[in-house]
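# Chain and residue survey
Below are the chains, spelled out letter by letter.
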Amino acid sequence: MASQQKVLLPDIGDFADVDVAEVLVAKGQRVEAEQSLIVLETDKASMEIPSPFAGTVVEMKVSVGDKVSEGTLIAIIEVEEAATAASPPEPAAKPAGEPAVAPRTEAAAPKPRPVPETHKPPAETPRPVDPALLVPREPAAARAEDEIQPAPLAHASPSVRRLAREMGVDLRLVPGTGPKARITPDDVRRYVKSMIEKGTAAGVPIAGVSVAAPPQIDFAAFGPTDTVPLHRIRKLSAANLHRSWVTIPHVTQHDEGDITDLDEFRKQMRPEAESRGVKLTFLPFVIKACTYALKEYPQFNASLDHTGENLILKRYFFVGVAVDTENGLVVPVVRDADRKGLYEIAGELADVSARARGRKLTPGDLRGASFSISSLGGIGGTFFTPIVNHPEVAILGVGKMSWRPVHSDGAFVPRLILPLSLSYDHRVIDGADAARFTTRLSELLSDLRRLIL
Ligand code: CAO
């Protein structure tokens, strides 16, 4: 005679509403006692919940994404008469505090073992687990893959499941080459390699794209806090910055420009600039020098097309300038900067930054940049790593100039040095080109006469 037994979630310590990360068995499947049924994940740990007895799964009552707590009905298992008359597996002699539910390590994973034939299993008695022994959480696996019809379940050991999670692989998509199509570690690695060869550039979701949700933390538990809603501008720029950060392999090339002569010239021109109603800061010079360098190195004034297979070189030079406002960062654009003089650029810069701070920019002011500059020099600091403003492929960061002793003709002389940090998309720009670009930029800033050559 067979009877149907409920499997309830045992005591899992101080956790409640825990996410079901994986369901390891399916309706109709034969399970052994202590065979893992589901995997739970909290922000600190993941754990497998084993079956208290052998039998056939009548129904799984939870699915991936459900939240469960102690006592939640997980599954109904049909147990043979002999098995129902058996006791739950007696814990073997083990040190105090060892969890009845094994942590997710291969060594400690629950091994299936026959159920002794003397007592009825306390099917509805949750068993305790020591949360201190739960292993740290692993990143959740990448899920969506459309092109292959996934098998309903993957046969794999806990260590292979762990490897798959670390690599962001959905095991249901991995063909198993072990006995009874069991998935081996090499199968997982082979699958990742084949996905990379297929071209992650084409958008195959793989490690790194799927990330764990941030944990909800009650900071008030540590001390007083204030909650300030993010301004719409900050939320918009946050989304763009995040996309750039995760999709563009960034490298930053640092360099310096000797702007002693440039600064001398700027001071000389200041009265004339003021008579024209503009303030001549360093930035117009940097913008102008960049347009020259961009013409010589067109791959910096470019975008990858949507296929990721073509580089679009732009023959217009629209320079985006990051402007710090009280509500967040905006990047208005100085159009055709290569065709404008320093005064005109200075005037436009003052205009767009004033309108940015007064929230008077139009969408057209923010569109079309082919290269960007982020200048923190007026505030302070030396080098930093600006984030490329997608779909551009490079951005120049400008730090605060300072007087430095520079060795020249056998003596140290004071020179005014401007820190430059060029971040670029390494998919389309090589480090050697970046070094050439910043070297050229530095030359142009050091000797403005080169701009008219
Ligand atoms: N080194 C030293 N001093 C500098 C300098 C540098 N690299 N760059 C500018 N300065 C000086 C200017 O000469 C000016 O000094 P005076 O008033 O004595 O002439 C002062 O700093 C302020 O300049 P400014 O900021 O008004 O003008 P700007 O043309 O240099 O910059 C703008 C304009 C809009 C870029 C700037 O105001 C700004 O918003 N910068 C912040 C950008 C930002 O937040 N980037 C970060 C993006 S990533 O989060």
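What comes next concerns the included structure.

Criteria and thresholds
- Residue positions are counted from 1 within each chain, in the order its sequence is given.
- Only residues with pLDDT of at least 70 get local features here, since the model is predicted, and only at 80 or more are side-chain atom pairs given and counted; chain-wide, interface and lining totals rely on the full set of residues.
- Just so you know, side-chain values use all the structure's heavy atoms and leave hydrogens and water out.
- A helix here means a DSSP run of H or I that spans at least four residues, while a strand means a run of E at least two residues long, and both kinds are numbered starting from the N terminus.
- Relative accessibility under 20% of the residue-type maximum defines a buried residue, over 50% an exposed one, and the middle range a partly exposed one, all with a 1.4 Å probe and only protein chains included.
- By the convention used here, residues are in contact when the closest approach between their heavy atoms is within 4.5 Å.
- All accessibility values rest on the Shrake-Rupley procedure with a 1.4 Å probe; residue burial counts only the protein chains present in the view.
- Each salt bridge in this description consists of a side-chain nitrogen of Lys or Arg and a carboxyl oxygen of Asp or Glu lying within 4 Å of one another.
- Definition of nonpolar core: a set of buried residues of the types Ala, Val, Leu, Ile, Met, Phe, Trp, Tyr and Cys, connected through side-chain atoms within 4.5 Å.

## Let's talk about the overall build of the chain
Scanning the chain from terminus to terminus reveals eight helices and 20 strands. When burial is assessed residue by residue, the chain has 42% of its 453 residues classed as buried. For the chain, restricting intrachain contacts to residue pairs at least 6 apart in sequence, the fraction spanning at least 24 positions comes to 67%. Surface exposure of the chain reaches about 24200 Å², of which carbon and sulfur atoms provide 55%.

## Quick notes on unusual backbone geometry
For the bond from His390 to Pro391, the omega torsion is 10 degrees, close enough to zero to count as cis. With respect to the secondary-structure elements, Pro391 resides in the loop between β17 (371–375) and β18 (394–398). Phi at Arg359 is positive, roughly 55 degrees, even though this residue is not glycine. Here Arg359 shows up in the loop between α7 (342–357) and β17. Taking the relative accessible area as the measure of exposure, Arg359 reaches 56% and is therefore exposed.

## A look at the pattern of salt bridges
The full count for this structure, using the stated rule, is 21 salt bridges. Salt-bridge contacts for Arg404 lead to Glu256; the nearest nitrogen and oxygen are separated by 2.9 Å. Pair noted here: Arg404 is in strand β19 (residues 402–408) and Glu256 is in strand β10 (residues 250–258), with a separation of 148 residues, a long-range link. When salt bridges that share partners are traced, they join Asp258, Asp261 and Arg415 into one network.

## A word on the nonpolar core
Within the largest apolar cluster, 47 residues are counted, with the highest numbers of intra-cluster contacts made by Ile373 and Leu396. Elements represented by at least two residues in this core include exactly α5 (260–275), α6 (283–296), β13 (319–321), α7, β17, β18, β20 (411–425) and α8 (431–446). Counting residues per element, this core draws most heavily on α6, at eight residues. Once residues within four sequence positions are removed from consideration, Ile373 is found in contact with Leu283, Val286, Ile287, Cys290, Val319, Gly320, Val321, Ala322, Ile395, Leu396 and Val398.

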